[in-house]
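One-letter residues, chain by chain:
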Amino acid sequence: MVFEGLAEKLQETFRKLKSKGRLTEADVDEAMKEVRRALLAADVNFQVVKSFVARVKERAVGQDVLSSLTPAQQVIKIVRDELAGLMGGTQSKLNLAPKPPTIVMMVGLHGAGKTTTAAKLANLMRKQGRRPMLVAGDVYRPAAIKQLQVLGEQLGIPVFSMGDRHTPVDIARAAVEHAVKQGRDLVIIDTAGRLEINEEMMAELETLKAAVRPHEILLVVDAMTGQVAVNIAETFNKRLGLDGVVLTKLDGDTRGGAALSIKAVTGCPIKFVGVGEKLDALEPFHPDRMADRILG
Ligand code: GDP
C-alpha cells in the first residue's frame, strides 16, 4: 500500500507521544524531528517538509495544546489537518461546463498512463451519469489510437478518431462538433505525449488548448517516479495552466512522496488516482481520507 512506510513511522511516533500524558515543548520537538525524517524518507519534497513541520510546531506550541487534557491527541489532529491541507484539504472535482459538453484534455508523458486513464475516466464519469466520448488525438502513435479504440470497445464508450493524417486541432474540433450532435456531454481528448518534456509537445498542447478551450486540463503522472513527477507537474503547469493532476500507479511500490508534494509545490490539486491496470481502477482523490489512512 502507498504510504505504508510513512504510516508505520508516524503511527509509532504518535504512540510514543500518547503514552507520555503531559507534553513539553521538547517532546513536541522530538516528535517533529521524527515526522520530518519520516516525510523525507517517503520522498516528500524538502521545502514542503520544512514548512510543514514549521507549521505544525507553531500550531502545537502556540495554542493551548500543551496545557490541554489530551495534548498528544491535539498534536495528532494538527498533523492530520496539515497533511490533508498539503494534499489540497478536501476533494477537488472535475470542472464541468455550465453548458455541455465539458471538454477535458489529457496531457502527459509516454508511459505515465494517459491513454488508459482517459478510458478509466470515461468509465468513471459514465457511472456518475455522464455521456462520455473519447477522442484519439495522439496522431504520432497509431498504436495509441488503436489502444484507445480497443479500450472504448471494451467499455462500450464511443471513440472519435480521424486516423493520424489530421492535426490534433482539426480532430478535436470535429470531435466536439460530433459530440454535440450525438448528445455527448463529456469529451475526453487523449493527446500526444513524448518520452520527455520538449518544446514541440508543449507548443502543440498550447495550440490545442487555444483552439478547443478545454474546461479541464488534466496531467497524468506516474506516482512511482516520485519527485520527478512533481517536477513534470510544475513544468506542465507553468506552461499550460493545469486544472488537475491524475496520479497513476498508486497501487505499485511507491513511497507516496508525489502525492504529498504535488499540490504544495504546484498549487494544482490531485483529482484522481490510478490504483491498478483495470478500467475501473481510477478513484477520486480525497486528501482528508488519505490523511486519516496515514495516521491510522
Ligand atoms: P501512456 O503512454 O501515458 O498513454 O500510457 P498507457 O495508458 O499506455 O499506460 C502505460 C502502462 O501503465 C500500461 O501498461 C497501463 O496498464 C499501466 N497503468 C496505467 N495506470 C496504471 C495504474 O494506476 N496502476 C498500474 N498498476 N498500472 C497502470
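Residues numbered from 1 in each chain as written. Predicted model: local features only at pLDDT ≥ 70, side-chain atom pairs only at ≥ 80, totals over all residues. Heavy atoms only, no water.

The protein chain goes by Signal recognition particle protein in an unreviewed UniProt entry, where it is assigned to Desulfofundulus kuznetsovii. The heading Function (unreviewed entry) in the UniProt record of the protein chain holds the text "Involved in targeting and insertion of nascent membrane proteins into the cytoplasmic membrane. Binds to the hydrophobic signal sequence of the ribosome-nascent chain (RNC) as it emerges from the ribosomes. The SRP-RNC complex is then targeted to the cytoplasmic membrane where it interacts with the SRP receptor FtsY." According to the UniProt record, the Subcellular location (unreviewed entry) comment for the protein chain reads "Cytoplasm". (UniProt positions renumbered as here; feature names shortened; annotations may be inferred.)

So what's going on with the environment of D292? Which residues, and what values?
Mapped onto the fold, D292 is located in helix α11 (residues 287-295). Note: C-alpha distance between D292 and T254 (38 residues apart in sequence) is 18 Å. (Helix = DSSP H or I, 4+ residues; strand = E, 2+ residues; numbered from the N terminus.)

I'd love a proper account of the sheet that holds strand β6 (residues 244-248), names of residues and values included.
The strand order β3-β2-β4-β1-β5-β6-β7-β8 describes an open sheet built from 8 strands, whose pairing is mixed. Each edge of the open sheet carries a strand with a single partner, namely β3 (159-160) and β8 (282-284). Direction of pairing for strand β1 (residues 102-108) relative to strand β5 (residues 216-222): parallel, over a ladder of 5 bridges. Bridge pairing in β5 places M106 opposite L218. Of the strands in this sheet, β1, β2 (132-136), β3 and β4 (186-190) touch helix α7 (residues 168-182), which is tilted by about 160° from β2. (Pairing = 2+ DSSP bridges. Contact = heavy atoms within 4.5 Å. Axes fitted to C-alpha atoms, helices over the stretch in contact; angles between N-to-C directions.)

Explain the layout of surface pockets to me, using residue names and the numbers behind them.
What the largest pocket holds in volume is close to 330 Å³. In terms of lining, the largest pocket is formed by 18 residues, of which the most central are G111, A112, G113, T116 and K249. With 5 residues, helix α5 (residues 114-127) is the largest single contributor of residues to the lining of the largest pocket. Taken together, the residues of the lining of the largest pocket break down into 2 nonpolar, 10 polar and 6 charged. (1 Å grid on protein atoms, 1.4 Å probe; cavity = no way out; pocket = protein on both sides within 12 Å on 5 of 7 lines; lining within 4 Å. Points joined across faces, edges and corners; volume = space filled by probe spheres on them. Nonpolar A, V, L, I, M, F, W, Y, C, P; charged D, E, K, R; others polar.)

Kindly report on the site of the ligand, identifying the contributing residues and their values.
In the vicinity of the ligand there are 18 residues, among which G111, K114, T116, D251 and E277 approach most closely. In this structure, G113 approaches the ligand through a main-chain N or O atom, which is 2.9 Å from an oxygen atom. Contacts to the ligand include K114, whose backbone N or O atom sits 2.7 Å from an oxygen atom. Computed on the free molecule, the ligand has an accessible area of 580 Å², of which 80% lies beneath the protein chains in the complex. Sort the elements by how many residues they give to the shell around the ligand and α5 lands first, with 4 residues. (Near = heavy atom within 4 Å. Polar contact = N/O pair within 3.5 Å; in protein donor to acceptor, adjacent residues only side chain to side chain. Areas by Shrake-Rupley, 256 points an atom, 1.4 Å probe, with all protein chains shown as cover.)

Go over the pairing of β2 with me, naming the residues and quoting the values.
Most of β2 is tucked away: 5 of the 5 residues are buried. Residues P132, L134 and A136 of β2 are buried on one face, and the alternating residues M133 and V135, pointing to the opposite face, are buried as well. Bridge count for β2 against β4 is 5 bridges, and the pairing is parallel. Each bridged residue has a counterpart across the sheet, and for V135 the counterpart in β4 is I189. Taken together, the 2 bridges between β2 and β3 define a ladder with parallel strand orientation. Its bridge partner lying in β3, L134 is registered against V159. (Buried < 20%, exposed > 50% of the residue type's maximum accessible area, 1.4 Å probe, protein only.)

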